[in-house]
Structure formats: C-alpha cells, structure tokens
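Letter by letter, the chains look like this.
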Amino acid sequence: MDDKELRIGMVGHAFMGAAHSQAWRTVNRVFDLPLRARMVAVCGRDPRRTAEAADRLGWEGHHTDWRELIARDDIDLVDICTPGDSHAEIALAALAAGKHVLCEKPLANTLDEAEAMAGAADAARANGIRAMCGFNYRRVPAVTLMRDMIARGDIGTVRHVRAAYLQDWIVDPAHPLVWRLQRDRAGSGALGDIGAHIIDLTQYLTGQHITGVSALTETFIRQRPLPEAPAETGTVTVDDAAILTARLEGGAIATLEATRFATGRKNALRVEINGSHGSLAFDLERLNELEFFDATAPPTTRGFTTVLVTEPEHPYLAAWWPPGHLIGYEHTFTHQMRDLIEAIAHGRDPEPSFTDALSVQRVIDAVEHSARTGTWQPLDSPTHR
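Q: Before we go on, may I ask you to explain the overall build of the protein in this structure?
A: Scanning the protein for helices and strands turns up ten helices and 17 strands. Expected size for 385 residues packed as a compact globule is a radius of gyration near 21 Å; at 21 Å, the protein falls within 12% of this value. The dimensions of the protein, computed from C-alpha atoms along their principal axes, are 65 × 50 × 40 Å. A burial count over the protein gives 55% of its 385 residues as buried. The long-range share in the protein, meaning contacts at least 24 apart out of those at least 6 apart in sequence, stands at 69%. Summing over all exposed atoms, the protein offers an accessible surface of approximately 16400 Å²; the carbon and sulfur share of this is 50%. Looking at the protein, you have 39 positive and 52 negative side-chain charges, and the mean spots of the two groups are 1 Å apart.

Here you go:
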C-alpha cells in the first residue's frame, strides 16, 4: 500500500455501487485523513455498462472479471457491492490476496458462508489486513449519538427495543421477479435485505447480543412475471415480511418487523429503546433528529424532547455545515469510509467487523429456523454458535 494512498477496487456499480462511489469521491474532501482514497477500478459484468459506470462514478478504469481486479498490484482494498450470492467468493479471494475488504450487508447468503468469511478475516488480521461490513445506518449521527447516550447510562437499564423497517416496493403483483426475490441470489427477502439493518441496530445500540428469537415469515405473492419474459411467471423463493420477538443478553426484550409490503411506506426505519430512566427514539425519515425522554426530569417539564443533531459536538458533524443545516442518507456512506480509512491507517479493527456481521447472520438463520418450525430458537444452541 502506498504510504499516502488507499487504492480502491469496487465490484458492482448499481444502487450500492453508486452510493459507495459518491462516498469514496467525497471522503477526503470533507475529512482530514491519514490516507487518500484513490478510485482505481470498478468491475461489472457488462463491458459497455461498466465502462459507462466508471466514467459516470469517477473510477479510473474498469474490469468485467473481479478476479483480474483482485490480482492487480495497485489495489489495496476491495469494496464488494454485489448481490449476496457472490459476497463470500469475492471476499475470501480478496483476503487471501492480502487486500482489505469492505462488504455490503448482509455479510453472506448462508451462515456457513458468513462463518468462513469471519474466519478468513480473523486470519488476515495477523497480517495487518482489515475487513468491515457495510451497515451504514450506524453512521447516521443521530444513531451514533443514541448509542453513546445508552452506553453512558442516560436511559438507565434497557428494558425494551422496538424496531421496524417498512417498504412497499413489491406490493404490485406485476412487479417482476428481480434478483432480490430469488433465494439463490439474495439469501432471504425482507429479512436479510432490511431486517439485517434493524437486527444490527438492536445489538449496536444496546451493546447486547440477541440470545433467542421466536419468528414468523410470510410470502404474500408467490408468482411474479419474469423480467425477460413478462408473459411468463416464476416462483418467489424468499420472504416478503418477517416479524420476530427476541431476548437480549442483558435481560431486555425486543420486537422487530421487516416488510416490503407496508403500502405507502417507502423507506421507513424507526427504532425506540425504553430504559429504566428514559427512552430514545430515531426515525430515518427525520434522520437529523433524536427523541429523548428523561424520566428523571421534574414532572412539570417532563416530556419527549426533539434533539436536532446538527451541532459540531455531535458525531461526524464538525466536518460538515453550520448548526441547523441538515445532512442526508448519502452522508452515512461517507462517514463509513472515513471510519474505515482511519482504522486501516492506525492498524485498528473497523466496526462492524466480519465477526459483528456474523452475529447478525446467526440471528437471521435463527429467525428462519424459528419460522419453519414454529419454535423458540436460542442462539446459544450448537447450530448457532
């Protein structure tokens, strides 16, 4: 690795690839960092589309074979923005080649793959190689502040976690059978796609692991038009919605819901945590705000307070705009790249690590097992350690 550059190769250039590209373009222009991110090459399957993406997104070059990208001597970090069915193969190859890795969530399509990836990341750490999973909502300043307040004891002992992630983009039965609706490509449906975020946030915010779940899943529309032949249909092989109750290791209980059938909800993520001395709540549609209830305040003035999280003292925000000037979704990825660059430069393990992401994968696996069998599924059982 160049002493002053972190040379990036990215695999995948669609939605997440575009978000990551913007972050790589922006991060050194906002934050004073020990390494400069250099966007060396992007990889995609279609030569024409990949060349266009490289030009549009700001990459110096492009490939159609990710193995060629990993083999380059001038690539220090591989950023994986592909569907889940290729995460494990690309990440394992990159780590074996001595490259740092950033992998989008969920970490893998199966628990076995996730365990192999976490094991490889642990082994690579001995050689100074770092691996991180991209749960970007941790980097919303209000969410980071929420975590800090809980860790400081501002709401006392955590009793309840209530989280929901609601979308509606496949409500229409005419929506085609895209890859996110196919288990062999996506691993799972709403559970892995958006449920993984609220599982991660539950553990991140509380600092506690989920120790058991009881869950149900549902697929509301089981046949959909094929993208390449709309007159024909194929089978949806993932869940459309997942609901679970859970216990945390500190004694709290949690309810989590993930669905892509909440008609009218486009990207609604809300988390509320109730403690013995107060409560905190976050709503992604108002991502610059955090709600705080302090039960120790005088009864005459007690109530939920809306904190506008735009002060320079708040996480990440000293680098952005004056107080009251709002930030958005794309900033979470810039913050993610900032933290990853800092970790690599200073020889620290980035968070969330592959081990952190593995803990989310174990919950996903337990949810599916519980939904299939109709039983409570402890995560300390031999199959989920």
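Q: How do you make sense of the nonpolar core when you look at a structure like this?
A: Nonpolar side chains tend to gather and get buried jointly when the protein is soluble and globular. The biggest cluster of nonpolar side chains holds 111 residues, and the ones touching the most others in it are Trp-24 and Phe-354. Counting residues per element, this core draws most heavily on helix H8 (residues 190-206), at nine residues. Sequence-distant contacts of Phe-354, defined by excluding residues within four places in its chain, comprise Ala-91, Leu-95, Val-101, Cys-103, Leu-107, Met-117, Ala-118, Ala-121, Ala-131, Met-132 and Cys-133. Judged by nonpolar contacts, the second largest core, of eight residues, contains Ile-170, Leu-177, Leu-181 and Val-238.

Q: How should helix H4 (residues 87-96) be read in this particular structure?
A: Since the α-helix turns once every 3.6 residues, residues separated by three or four places project in the same direction. Looking only at H4, the buried set comprises His-87, Ala-88, Ile-90, Ala-91, Ala-94 and Leu-95. Just downstream of H4, Gly-98 is the residue with a positive phi angle, here 80 degrees.

Q: What is the right way to look at the packing of aromatic side chains in this model?
A: One pair of aromatic rings is described through two measures. These are the centre distance and the angle between the planes. Within this structure, the stated rule accounts for seven aromatic pairs. Each ring, one from Phe-220 and one from Phe-261, has its centre 5.1 Å from the other, and the planes form 50 degrees; the classification is tilted. Placement of the pair is Phe-220 in the loop between strand E8 (210-218) and strand E9 (223-226) and Phe-261 in the loop between strand E12 (253-259) and strand E13 (268-275), with a sequence separation of 41 residues. Ring geometry for Tyr-329 against Phe-333: centres 5.3 Å apart, planes inclined by 75 degrees, an arrangement best described as edge-to-face.

Q: Would you explain unusual backbone geometry in this entry?
A: Leave glycine aside and you will find that most residues have negative phi; peptide bonds, for their part, are mostly trans. Along the chain, Lys-105 connects to Pro-106 via a cis peptide bond; the corresponding omega equals -15 degrees. Along the polypeptide, Pro-106 turns up in the loop between strand E5 (100-104) and helix H5 (111-125). In the Ramachandran plot, Tyr-316 falls in the positive-phi region, its phi being about 70 degrees despite a non-glycine side chain. Mapped onto the secondary structure, Tyr-316 falls in the loop between strand E16 (305-308) and helix H9 (329-345).

Q: Is there a simple way to think about the environment of Ala-357 in this case?
A: Inspection of the secondary structure puts Ala-357 in helix H10 (residues 354-373). Sequence separation between Ala-357 and Gly-212 is 145 residues, and the spatial gap between their C-alpha atoms is 17 Å. Contact partners of Ala-357, with chain neighbours within four places excluded, come to Leu-107, Cys-133 and Phe-135.

Q: How should the side chain of Ser-353 be read in this particular structure?
A: Counting through the fold element by element, Ser-353 comes out in the loop between H9 and H10. In this structure Ser-353 comes out as buried when scored by relative accessible area, which is 13%. Those residues within four positions of Ser-353 in sequence are excluded, and the remaining contacts are Ala-131 and Cys-133.

Q: How should the sheet that holds strand E14 (residues 278-283) be read in this particular structure?
A: Two pairing modes exist for strands in a sheet, parallel and antiparallel, and in both the strands are linked by backbone hydrogen bonds. The nine strands are arranged E16-E15-E14-E13-E7-E12-E11-E8-E17 in an open sheet whose pairing can be described as mixed. Looking at the sheet topology across the chains shown, the edges are occupied by E16 and strand E17 (377-378). Strand contacts of H8: strand E7 (158-166), E8, strand E11 (241-248), E12 and E13, with the helix running at about 155 degrees to E12, the strand carrying the most contacts. Contacting E8, E11 and E17, H10 runs over the sheet at an angle of about 55 degrees to E8.

Q: Where do I start with the pattern of salt bridges in this structure?
A: Two side chains that carry opposite charge are able to pair once their charged atoms sit near each other. Under the defined criterion, the tally for this structure stands at 28 salt bridges. A salt bridge links Arg-67 to Asp-65; the nearest nitrogen and oxygen atoms lie 3.6 Å apart. Using a relative accessible area of 45% as the deciding quantity, one classes Arg-67 as partly exposed. One salt bridge in this structure joins Arg-162 and Glu-272, with 3.3 Å as the shortest N-O distance. Taken as a pair, Arg-162 in strand E7 and Glu-272 in strand E13 lie far apart in primary sequence, 110 residues in all. Judged by its relative accessible area of 36%, Arg-162 is partly exposed.

Q: Could you clarify how one ought to interpret the sheet that holds strand E4 (residues 77-80) in this entry?
A: Strand order in the open sheet formed by six strands is E3-E2-E1-E4-E5-E6, and the pairing between neighbours is parallel. Among the strands making up the open sheet, the edge pair consists of strand E3 (61-63) and strand E6 (131-134). Mean inter-strand twist for the sheet, computed between neighbouring axes without regard to direction, equals 25 degrees. Against the sheet, helix H2 (residues 47-57) makes contact with strand E2 (36-43) and E3, and its axis sits at roughly 150 degrees relative to E3, the strand it touches most.

Q: What exactly am I supposed to notice about the packing of H8 against H10 here?
A: Axes are the key here: two packed helices are described by the angle between their axes and the distance separating the axes. Between H8 and H10, the least distance of the axes is 9 Å, while the angle of their chain directions is 120 degrees. Taken together, H8 and H10 sit at an angle that is classed as oblique. For H8 against H10, the interelement crossing comes out right-handed. Residues Leu-191, Gly-192, Ala-196, Ile-199, Asp-200 and Gln-203 of H8 touch H10, and the partners they reach there are Ser-359, Val-360, Val-363, Ile-364, Val-367 and Glu-368. In the contact of H8 with H10, the residues fall into seven nonpolar, three polar and two charged.

Q: What is the right way to read helix H6 (residues 141-152) from this model?
A: In this model H6 runs 16 Å from its N-terminal to its C-terminal C-alpha over twelve residues, within 8% of the 16 Å that 1.5 Å per residue would give. Among all positions in H6, only Pro-141, Ala-142, Val-143, Thr-144, Leu-145, Met-146, Met-149 and Ile-150 are buried. Taken together, the buried residues of H6 touch E7, H8, E13, E14, strand E15 (289-294) and H9. Of the residues one or two after H6, Gly-153 is the one with positive phi, at around 90 degrees.

Definitions and limits used
- Residues numbered from 1 in each chain as written.
- Predicted model: local features only at pLDDT ≥ 70, side-chain atom pairs only at ≥ 80, totals over all residues.
- Heavy atoms only, no water.
- Helix = DSSP H or I, 4+ residues; strand = E, 2+ residues; numbered from the N terminus.
- Rg over C-alpha atoms; globule rule 2.2 N^0.38 Å.
- Buried < 20%, exposed > 50% of the residue type's maximum accessible area, 1.4 Å probe, protein only.
- Contact = heavy atoms within 4.5 Å.
- Areas by Shrake-Rupley, 256 points an atom, 1.4 Å probe, with all protein chains shown as cover.
- Lys, Arg positive; Asp, Glu negative; His and termini not counted.
- Charge placed at Lys NZ, Arg CZ, Asp CG, Glu CD.
- Core = buried A, V, L, I, M, F, W, Y, C linked by side-chain atoms within 4.5 Å.
- Phe/Tyr/Trp six-rings, centres within 6.5 Å; stacked < 30°, edge-to-face > 60°.
- Pairing = 2+ DSSP bridges.
- Axes fitted to C-alpha atoms, helices over the stretch in contact; angles between N-to-C directions.
- Salt bridge = Lys/Arg side-chain N within 4 Å of Asp/Glu carboxyl O.
- Parallel < 35°, antiparallel > 145°, perpendicular 65-115°, else oblique.
- Left-handed = near helix turned anticlockwise from the far one by under 90°.
- Nonpolar A, V, L, I, M, F, W, Y, C, P; charged D, E, K, R; others polar.
- Expected span 1.5 Å × (residues − 1).

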